[in-house]
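Okay, here's what each chain looks like letter by letter:
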Amino acid sequence: MMSRRKISQSGHGQRHLRYLKKHRRVRYANLLTTGKLNDYLADLNEQAEAMFSQLVKLLAEKEGVTEVLKAENQMLWVQKMNNLRNAAMEIVLNELIYR
């Protein structure tokens, strides 16, 4: 029986789906024909979101990006957080999505 779990249209699951279709065709076909594709993508999406959140938190702690900095120099805080988010996204993409 096929699962009805929805995949976020803009999420990591959709990115991985495009990757599977282009670079891992046999894996894509196996998941599709066994009815496991949606669950697989939903689980991957959840893992990616959790990993991203955890990485941003850890990187912020490591770099000293705190609420104190946010209160004292909001523009610097935004710049640093954007850099951390970009680094975390790159890690998630390389470790989970494009594998």
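All of the points below concern the structure found in this document.

Criteria and cut-off values
Residues numbered from 1 in each chain as written. Predicted model: local features only at pLDDT ≥ 70, side-chain atom pairs only at ≥ 80, totals over all residues. Heavy atoms only, no water. Helix = DSSP H or I, 4+ residues; strand = E, 2+ residues; numbered from the N terminus. Buried < 20%, exposed > 50% of the residue type's maximum accessible area, 1.4 Å probe, protein only. Areas by Shrake-Rupley, 256 points an atom, 1.4 Å probe, with all protein chains shown as cover. Axes fitted to C-alpha atoms, helices over the stretch in contact; angles between N-to-C directions. Parallel < 35°, antiparallel > 145°, perpendicular 65-115°, else oblique. Left-handed = near helix turned anticlockwise from the far one by under 90°. Contact = heavy atoms within 4.5 Å. Nonpolar A, V, L, I, M, F, W, Y, C, P; charged D, E, K, R; others polar.

1. Structural notes on the overall build of the protein
Counting its secondary structure elements, the protein contains five helices and zero strands. Counting from the amino terminus, helix and strand elements in the protein follow one another as α-α-α-α-α. Looking at the 99 residues of the protein, the share that counts as buried comes to 34%. A total of about 7,100 Å² of accessible surface is found on the protein, and carbon and sulfur atoms cover 51% of it.

2. Quick word on the packing of helix α1 (residues 12-23) against helix α3 (residues 37-63)
In contact at an axis separation of 8 Å, α1 and α3 are set at 125° when each is read in the N-to-C sense. When the axis of α1 is compared with that of α3, the two are oblique. The two elements α1 and α3 cross, and the hand of that crossing is right-handed. Listed contacts from α3 to His12, Gly13, His16, Leu17 and Leu20 of α1 are Leu37, Tyr40, Leu41, Leu44, Asn45, Ala48 and Glu49. Looking at the contact of α1 with α3 residue by residue, the classes come out as seven nonpolar, four polar and one charged.

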